[in-house]
Amino acid sequence: SAAQAEEGGKPGGRAKTASKKPGAKPGAAKTAVTVTLTAGMQSFRDKLYRVVLYKELGVHPERNMQFVIALAYSGHGRYLSGDLVHASLQKAKMVPEGLGAPHDLADALKFTLGMPADRAAKLLPNIGATAIESLTAQELVSLSALCAPDWSKYFRLDSDEGRAFLGAMTKDMIAAVCEEVGIAAAMGDTFRSIAGGKKDDFIKQVTGVQGFDYNGKIPRVLLPESAK
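About the criteria used
- Residues numbered from 1 in each chain as written.
- Predicted model: local features only at pLDDT ≥ 70, side-chain atom pairs only at ≥ 80, totals over all residues.
- Heavy atoms only, no water.
- Helix = DSSP H or I, 4+ residues; strand = E, 2+ residues; numbered from the N terminus.
- Buried < 20%, exposed > 50% of the residue type's maximum accessible area, 1.4 Å probe, protein only.
- Arc of directions from axis to C-beta.
- Contact = heavy atoms within 4.5 Å.
- Axes fitted to C-alpha atoms, helices over the stretch in contact; angles between N-to-C directions.
- Parallel < 35°, antiparallel > 145°, perpendicular 65-115°, else oblique.
- Nonpolar A, V, L, I, M, F, W, Y, C, P; charged D, E, K, R; others polar.
- Core = buried A, V, L, I, M, F, W, Y, C linked by side-chain atoms within 4.5 Å.
- 1 Å grid on protein atoms, 1.4 Å probe; cavity = no way out; pocket = protein on both sides within 12 Å on 5 of 7 lines; lining within 4 Å.
- Points joined across faces, edges and corners; volume = space filled by probe spheres on them.
- Phe/Tyr/Trp six-rings, centres within 6.5 Å; stacked < 30°, edge-to-face > 60°.
- Lys NZ or Arg CZ within 6 Å of the ring centre and 35° of its normal.
- pLDDT = per-residue confidence, 0-100.
- Salt bridge = Lys/Arg side-chain N within 4 Å of Asp/Glu carboxyl O.

With that settled, consider the overall build of the protein chain. On a plain count of helices and strands, the protein chain comes out with 12 helices and 0 strands. Listing each helix as α and each strand as β along the protein chain from the N terminus yields α-α-α-α-α-α-α-α-α-α-α-α. Counting the 228 residues in the protein chain, one finds 32% classified as buried.

Here is the structure:
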(Lines give C-alpha, C1' and ligand atoms only; values in the text may rest on other atoms or scores of the structure.)
Protein backbone atom coordinates (compact mmCIF):
# COMPACT_ATOMS: atom_id res chain seq x y z
CA SER A 1 0.00 0.00 0.00
CA ALA A 2 1.00 3.68 -0.24
CA ALA A 3 1.39 3.78 3.54
CA GLN A 4 3.74 0.82 3.47
CA ALA A 5 5.73 2.36 0.64
CA GLU A 6 5.95 5.62 2.59
CA GLU A 7 7.02 3.77 5.77
CA GLY A 8 9.72 1.92 3.84
CA GLY A 9 11.12 5.22 2.66
CA LYS A 10 11.52 6.58 6.20
CA PRO A 11 14.58 5.97 8.38
CA GLY A 12 13.93 2.78 10.35
CA GLY A 13 11.20 1.65 7.93
CA ARG A 14 10.61 -2.01 7.33
CA ALA A 15 11.11 -2.07 3.56
CA LYS A 16 13.80 -4.66 2.67
CA THR A 17 15.93 -3.04 0.07
CA ALA A 18 18.84 -5.28 -1.02
CA SER A 19 22.12 -3.54 -0.31
CA LYS A 20 24.91 -4.51 -2.66
CA LYS A 21 28.24 -5.10 -0.97
CA PRO A 22 31.40 -3.95 -2.71
CA GLY A 23 32.73 -6.73 -4.90
CA ALA A 24 29.45 -8.69 -4.82
CA LYS A 25 28.31 -7.69 -8.31
CA PRO A 26 27.30 -10.61 -10.49
CA GLY A 27 30.06 -11.51 -12.93
CA ALA A 28 32.67 -9.46 -11.07
CA ALA A 29 36.20 -10.51 -11.99
CA LYS A 30 37.87 -12.73 -9.43
CA THR A 31 41.06 -11.32 -7.95
CA ALA A 32 44.07 -13.02 -9.50
CA VAL A 33 46.03 -15.19 -7.09
CA THR A 34 49.72 -14.39 -6.75
CA VAL A 35 51.89 -17.48 -6.55
CA THR A 36 54.46 -16.82 -3.84
CA LEU A 37 56.99 -19.15 -2.27
CA THR A 38 55.80 -21.03 0.79
CA ALA A 39 58.43 -22.57 3.06
CA GLY A 40 57.89 -25.94 1.38
CA MET A 41 58.20 -24.44 -2.10
CA GLN A 42 61.39 -22.59 -1.09
CA SER A 43 62.94 -25.81 0.20
CA PHE A 44 61.97 -27.61 -3.02
CA ARG A 45 63.43 -24.83 -5.19
CA ASP A 46 66.71 -24.72 -3.24
CA LYS A 47 67.10 -28.48 -3.64
CA LEU A 48 66.32 -28.25 -7.36
CA TYR A 49 68.86 -25.47 -7.87
CA ARG A 50 71.58 -27.48 -6.13
CA VAL A 51 70.89 -30.40 -8.49
CA VAL A 52 70.98 -28.03 -11.46
CA LEU A 53 74.33 -26.56 -10.41
CA TYR A 54 75.88 -29.98 -9.72
CA LYS A 55 74.92 -31.18 -13.18
CA GLU A 56 75.55 -27.97 -15.12
CA LEU A 57 79.01 -27.52 -13.60
CA GLY A 58 79.65 -31.23 -14.00
CA VAL A 59 79.04 -31.29 -17.75
CA HIS A 60 81.00 -28.07 -18.24
CA PRO A 61 84.35 -28.70 -16.45
CA GLU A 62 85.69 -25.30 -17.48
CA ARG A 63 82.79 -23.66 -15.64
CA ASN A 64 83.55 -25.68 -12.54
CA MET A 65 87.17 -24.53 -12.55
CA GLN A 66 85.95 -20.96 -13.00
CA PHE A 67 83.60 -21.54 -10.07
CA VAL A 68 86.52 -22.56 -7.84
CA ILE A 69 88.42 -19.42 -8.87
CA ALA A 70 85.31 -17.32 -8.19
CA LEU A 71 85.00 -18.84 -4.70
CA ALA A 72 88.56 -17.85 -3.85
CA TYR A 73 88.34 -14.48 -5.62
CA SER A 74 85.20 -13.47 -3.71
CA GLY A 75 86.46 -14.66 -0.33
CA HIS A 76 84.09 -17.65 -0.24
CA GLY A 77 86.79 -20.29 0.02
CA ARG A 78 85.20 -21.30 3.33
CA TYR A 79 82.47 -22.97 1.25
CA LEU A 80 84.97 -25.68 0.36
CA SER A 81 84.46 -28.23 3.11
CA GLY A 82 87.57 -30.26 3.94
CA ASP A 83 85.46 -33.29 4.80
CA LEU A 84 83.56 -33.14 1.50
CA VAL A 85 86.79 -32.65 -0.47
CA HIS A 86 88.25 -35.64 1.36
CA ALA A 87 85.18 -37.72 0.43
CA SER A 88 85.56 -36.61 -3.19
CA LEU A 89 89.24 -37.65 -3.22
CA GLN A 90 88.32 -41.00 -1.70
CA LYS A 91 85.70 -41.52 -4.39
CA ALA A 92 88.35 -40.79 -7.02
CA LYS A 93 90.66 -43.40 -5.40
CA MET A 94 93.22 -40.70 -4.67
CA VAL A 95 93.23 -41.24 -0.89
CA PRO A 96 94.33 -44.56 0.66
CA GLU A 97 91.77 -46.40 2.75
CA GLY A 98 91.83 -45.39 6.40
CA LEU A 99 93.67 -42.11 5.82
CA GLY A 100 91.86 -39.17 7.40
CA ALA A 101 91.61 -35.64 6.04
CA PRO A 102 94.58 -33.42 6.95
CA HIS A 103 93.81 -30.28 8.94
CA ASP A 104 97.27 -28.76 8.63
CA LEU A 105 97.86 -26.82 5.40
CA ALA A 106 101.45 -28.05 5.05
CA ASP A 107 100.35 -31.66 5.49
CA ALA A 108 97.66 -31.15 2.85
CA LEU A 109 100.15 -29.62 0.40
CA LYS A 110 102.62 -32.44 1.06
CA PHE A 111 99.88 -34.88 0.12
CA THR A 112 98.76 -33.01 -3.01
CA LEU A 113 102.35 -32.55 -4.22
CA GLY A 114 102.47 -36.32 -4.50
CA MET A 115 99.46 -36.44 -6.83
CA PRO A 116 100.06 -37.17 -10.52
CA ALA A 117 99.70 -33.79 -12.30
CA ASP A 118 97.21 -35.03 -14.89
CA ARG A 119 94.94 -36.54 -12.21
CA ALA A 120 95.16 -33.47 -9.98
CA ALA A 121 93.92 -31.20 -12.79
CA LYS A 122 90.90 -33.42 -13.35
CA LEU A 123 89.99 -33.31 -9.67
CA LEU A 124 89.43 -29.55 -9.56
CA PRO A 125 85.85 -29.68 -10.91
CA ASN A 126 84.92 -32.35 -8.33
CA ILE A 127 86.30 -30.17 -5.56
CA GLY A 128 84.29 -27.16 -6.78
CA ALA A 129 81.12 -29.22 -6.62
CA THR A 130 81.62 -29.74 -2.87
CA ALA A 131 80.95 -26.02 -2.29
CA ILE A 132 77.44 -26.13 -3.77
CA GLU A 133 75.98 -27.50 -0.55
CA SER A 134 77.10 -24.34 1.28
CA LEU A 135 75.46 -21.84 -1.09
CA THR A 136 72.75 -19.59 0.34
CA ALA A 137 69.27 -19.41 -1.21
CA GLN A 138 70.10 -16.12 -2.94
CA GLU A 139 73.41 -17.48 -4.25
CA LEU A 140 71.59 -20.51 -5.63
CA VAL A 141 69.28 -18.16 -7.51
CA SER A 142 72.03 -15.96 -8.98
CA LEU A 143 74.34 -18.85 -9.92
CA SER A 144 71.54 -20.88 -11.50
CA ALA A 145 70.60 -17.84 -13.57
CA LEU A 146 74.21 -17.47 -14.74
CA CYS A 147 74.36 -21.12 -15.81
CA ALA A 148 71.22 -20.56 -17.95
CA PRO A 149 70.21 -24.25 -17.97
CA ASP A 150 67.53 -25.88 -20.06
CA TRP A 151 64.97 -26.15 -17.24
CA SER A 152 62.94 -28.75 -19.11
CA LYS A 153 65.77 -31.22 -18.34
CA TYR A 154 65.29 -30.74 -14.63
CA PHE A 155 61.58 -30.32 -13.93
CA ARG A 156 58.21 -31.58 -15.13
CA LEU A 157 54.89 -30.98 -13.42
CA ASP A 158 53.74 -34.51 -14.23
CA SER A 159 56.67 -36.11 -12.39
CA ASP A 160 56.77 -37.17 -8.73
CA GLU A 161 58.86 -34.06 -8.04
CA GLY A 162 56.34 -31.87 -9.86
CA ARG A 163 53.46 -33.27 -7.84
CA ALA A 164 55.46 -32.74 -4.63
CA PHE A 165 56.02 -29.12 -5.64
CA LEU A 166 52.31 -28.58 -6.23
CA GLY A 167 51.61 -30.26 -2.91
CA ALA A 168 53.50 -27.45 -1.16
CA MET A 169 51.03 -24.91 -2.62
CA THR A 170 47.53 -23.85 -1.69
CA LYS A 171 44.76 -24.97 -4.05
CA ASP A 172 44.35 -21.41 -5.31
CA MET A 173 48.02 -21.26 -6.20
CA ILE A 174 47.83 -24.65 -7.94
CA ALA A 175 44.94 -23.31 -10.01
CA ALA A 176 46.95 -20.18 -10.84
CA VAL A 177 49.89 -22.29 -12.03
CA CYS A 178 47.52 -24.37 -14.15
CA GLU A 179 46.21 -21.17 -15.73
CA GLU A 180 49.76 -19.96 -16.32
CA VAL A 181 51.10 -23.07 -18.07
CA GLY A 182 47.96 -23.85 -20.08
CA ILE A 183 46.59 -26.84 -18.18
CA ALA A 184 43.36 -25.04 -17.28
CA ALA A 185 42.70 -24.13 -20.91
CA ALA A 186 43.46 -27.68 -22.04
CA MET A 187 40.95 -29.13 -19.55
CA GLY A 188 38.21 -26.56 -20.19
CA ASP A 189 35.06 -27.00 -18.12
CA THR A 190 36.52 -30.10 -16.49
CA PHE A 191 39.12 -27.94 -14.77
CA ARG A 192 36.46 -25.78 -13.11
CA SER A 193 34.57 -28.84 -11.93
CA ILE A 194 37.58 -30.47 -10.24
CA ALA A 195 39.01 -27.30 -8.70
CA GLY A 196 36.64 -27.57 -5.75
CA GLY A 197 37.64 -31.11 -4.82
CA LYS A 198 40.35 -32.43 -2.52
CA LYS A 199 43.84 -31.09 -3.15
CA ASP A 200 45.44 -34.51 -3.70
CA ASP A 201 42.82 -35.43 -6.29
CA PHE A 202 43.15 -32.01 -7.91
CA ILE A 203 46.92 -32.45 -8.26
CA LYS A 204 46.54 -35.97 -9.63
CA GLN A 205 44.13 -34.82 -12.33
CA VAL A 206 45.96 -31.68 -13.43
CA THR A 207 49.22 -33.65 -13.76
CA GLY A 208 47.62 -36.42 -15.79
CA VAL A 209 45.88 -34.59 -18.63
CA GLN A 210 45.83 -36.78 -21.72
CA GLY A 211 47.38 -35.12 -24.75
CA PHE A 212 48.86 -32.19 -22.81
CA ASP A 213 52.58 -31.63 -23.39
CA TYR A 214 54.15 -30.99 -19.99
CA ASN A 215 57.65 -30.61 -21.43
CA GLY A 216 59.01 -27.13 -20.76
CA LYS A 217 55.93 -26.05 -18.79
CA ILE A 218 57.86 -24.62 -15.84
CA PRO A 219 55.96 -22.49 -13.29
CA ARG A 220 57.40 -18.98 -13.30
CA VAL A 221 57.89 -19.07 -9.52
CA LEU A 222 60.50 -21.83 -9.97
CA LEU A 223 62.70 -19.79 -12.30
CA PRO A 224 65.54 -17.57 -11.04
CA GLU A 225 64.12 -14.46 -12.71
CA SER A 226 61.05 -14.67 -10.49
CA ALA A 227 63.25 -13.91 -7.47
CA LYS A 228 64.52 -10.61 -8.90
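Having seen the model, we can carry on.
With that out of the way, let us pick up helix 4 (residues 82–91). Owing to its 3.6 residues per turn, the α-helix aligns residues three or four sequence positions apart on the same side. Taken residue by residue, helix 4 has Val85, His86, Ser88 and Leu89 as its buried positions. Buried residues of helix 4 fall within an arc of 160° about the axis and therefore sit on the same side. Along helix 4, exposed side chains directed more than 90 degrees from the buried face belong to Asp83 and Lys91. Where helix 4 is buried, its residues meet helix 5 (105–113) and helix 6 (117–129). Just beyond helix 4, the residue with positive phi is lysine 93, at close to 65°.

With that out of the way, let us pick up the packing of helix 9 (residues 171–181) against helix 12 (residues 199–206). Two elements in contact, helix 9 and helix 12, have axes whose closest approach is 11 Å; the angle formed by their N-to-C orientations is 10°. Here helix 9 lies roughly parallel to helix 12, going by the angle between them. Packed against helix 9, whose contacting residues are Lys171, Ile174, Ala175 and Cys178, the element helix 12 presents Lys199, Phe202, Ile203 and Val206 at the interface. Across the contact of helix 9 with helix 12, the residue classes tally to 6 nonpolar, no polar and 2 charged.

Our focus in this paragraph is the nonpolar core. One finds Leu157, Phe165, Leu166, Met169, Ile183, Phe191 and Val206 to be the most contacted residues of the largest nonpolar core, which totals 44 residues. In contact with leucine 166, other than residues within four places in its own chain, are Leu157, Ile174, Val177, Ile203, Val206 and Thr207.

Another aspect to go through is the environment of tyrosine 154. With respect to the secondary-structure elements, tyrosine 154 resides in the loop between helix 7 (137–147) and helix 8 (160–167). Sequence separation between tyrosine 154 and lysine 55 is 99 residues; the distance between their C-alpha atoms is 9.7 Å. The contacts of tyrosine 154, once residues within four sequence positions are left out, are Leu48, Val52, Lys55, Glu56 and Pro149.

Unoccupied space between atoms shows up once a probe the size of one water molecule is rolled over them. Estimates place the volume of the largest pocket at around 630 Å³. Lining the largest pocket are 25 residues, with Val85, Leu89, Ala108, Thr112 and Ile127 positioned closest to its centre. At the level of secondary structure, the elements contributing two or more residues to the lining of the largest pocket comprise helix 4, helix 5 and helix 6.

Next up on the list: the packing of aromatic side chains. Tallied over the entire structure, the rule returns 6 aromatic pairs. Where phenylalanine 191 meets phenylalanine 202, the ring centres are 5.6 Å apart and the plane angle is 45°; that geometry is what we call tilted. Separated by 11 residues along the polypeptide, phenylalanine 191 in helix 11 (residues 189–194) and phenylalanine 202 in helix 12 bring together distant segments of the chain. An identical accessibility class is assigned to phenylalanine 191 and phenylalanine 202; each is buried. A ring pair is formed by phenylalanine 212 and tyrosine 214, whose centres lie 4.8 Å apart and whose planes are at 75°; its orientation type is edge-to-face. Accessibility expressed as a relative area gives 16% for phenylalanine 212, which makes it buried. Grouped by ring-pair contacts, the aromatic residues Phe44, Phe155 and Phe165 constitute a single cluster. The residue whose ring lies beneath lysine 217 is phenylalanine 212, and the NZ or CZ to ring-centre distance is 5.4 Å.

Next up on the list: the side chain of threonine 130. Take threonine 130: it is sitting in the loop between helix 6 and helix 7. With a relative accessible area of 8%, threonine 130 lands in the buried category. Beyond its immediate chain neighbours, meaning those up to four positions away, threonine 130 contacts Tyr79, Leu80, Ser81, Leu84, Val85 and Ser88.

On to the confidence of the model for the protein chain. Put simply, the protein chain has an average pLDDT of 84, and 86% of its residues get 70 or more. Within the model, pLDDT remains below 50 along residues 1–29, and this stretch shows 6 contacts once partners closer than five positions in the same chain are excluded.

Evaluated as defined, the whole model comprises 5 salt bridges. Note that arginine 63 is salt-bridged to glutamate 56, the shortest N-O span being 3.8 Å. Owing to a relative accessible area of 9%, glutamate 56 belongs among the buried residues under this scheme. Between arginine 192 and aspartate 189 there is a salt bridge, with the nearest N and O atoms lying 2.2 Å from each other. You can see arginine 192 and its partner aspartate 189 sitting in helix 11, 3 residues apart, about one turn around the helix. Residues arginine 192 and aspartate 189 agree in their burial class; the two are exposed.

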